[in-house]
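Coordinate inspection notes
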Amino acid sequence: MVVPNTRSTIAGMGTELGPDVLSQCQALFDAEQTALAERVPVAARDCAYGPDARHRLDIYGAAGSDDSLRPILLFVHGGGFRMGDKGGTDNWQNAAVGRLAAEAGLLGAVMNYRLVPDAVWPAGGEDVNAAIDWLVANASKHRGDPDRIVVMGTSAGAVHVSTALQLRADLPVRGLVLLSGLYGYTTLDARDLAYFGDASSCAERMPRDAVASTALPLLVATAEFDPLRFQQEFAGLLDERLARHGALPRAYIASGHNHYSMAMHLGTSDRRLGDEVIGFVRECCT
């Protein structure tokens, strides 16, 4: 469970976003994540899934003598469409999700994608699709099962995962994990228009219908201290899924966490969300 003083520290940060909050969250989990990085080194670094310098992914797991193919969890980082990195040896952020998957006996993959201003909608979704295609073609070389892929994104990464589905309804994956994404239930911030384009075109570019209508299993999450609009997006998607399908998708509220810490704490002693994600992947891949 979340340590009480960690919860109170995160609660004290409020629901605002910014570099100061980001750095405070990193400090909270640095010791545990550094230890995880020492336990789980990268298995393959900077695999090129496309022609751009940002088209790179890292792979974690599948060491040992067992030759069986593992389910794959592909993670897509956040960063407001204009920043972020898959992490690595000296930067545990985002790489921790791949390591979490590896310690659970899965093959973890963590990708980069093109960023604003060099790339605009639908580049993020295109990049996720390209990374999936690379895994389908190459994952077996790393003892990953190309027929058992689950894709997970946080914040802008969740938008890109949803856009990949919007571009490709027959996405060759078993399920999607969406943490604090923007799907089209609220008005975009002005800073988001650098990726989505003119406000008049945003409604048709948002992936709302794709995630509301898909038959793929979903795990949708928000954080207790997420900014209001991310909580509204979460509630809007649940409400529309219930209206369309007569049932809620698998859903999770990360109590004691904020927009940054929800993904950043994965792999630490607070196993609640991590167990939910790993359990979802295993259920999707049985």
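Residues numbered from 1 in each chain as written. Predicted model: local features only at pLDDT ≥ 70, side-chain atom pairs only at ≥ 80, totals over all residues. Heavy atoms only, no water.

Following the criterion strictly, the structure yields three aromatic pairs and no others. Their ring planes at 80° and their centres at 5.4 Å tell us that F81 and F196 sit as a pair that is edge-to-face. Of this pair, F81 sits in the loop between β3 (70-76) and α3 (95-103) while F196 sits in helix α6 (residues 193-196), and the two are 115 residues apart along the sequence. Considered together, F81 and F196 belong to a single accessibility category, that of buried residues. A ring pair is formed by Y195 and F196, whose centres lie 5.1 Å apart and whose planes are at 80°; its orientation type is edge-to-face. Across the pair, F196 and Y195 agree in class, each one buried. Cluster of aromatic residues (ring-pair linked, three or more members): F81, Y195 and F196. (Phe/Tyr/Trp six-rings, centres within 6.5 Å; stacked < 30°, edge-to-face > 60°. Helix = DSSP H or I, 4+ residues; strand = E, 2+ residues; numbered from the N terminus. Buried < 20%, exposed > 50% of the residue type's maximum accessible area, 1.4 Å probe, protein only.)

Packing of helix α2 (residues 19-39) against α3 brings their axes to within 10 Å, and their N-to-C directions diverge by 55°. Relative to α3, α2 is oriented oblique. Here α2 and α3 pass one another in a crossing that is left-handed. Two secondary-structure elements touch here, α2 through Q33, L36, A37 and R39 and α3 through A96, R99, L100 and E103. Considering only residue class, the contact of α2 with α3 consists of four nonpolar, one polar and three charged. (Axes fitted to C-alpha atoms, helices over the stretch in contact; angles between N-to-C directions. Parallel < 35°, antiparallel > 145°, perpendicular 65-115°, else oblique. Left-handed = near helix turned anticlockwise from the far one by under 90°. Contact = heavy atoms within 4.5 Å. Nonpolar A, V, L, I, M, F, W, Y, C, P; charged D, E, K, R; others polar.)

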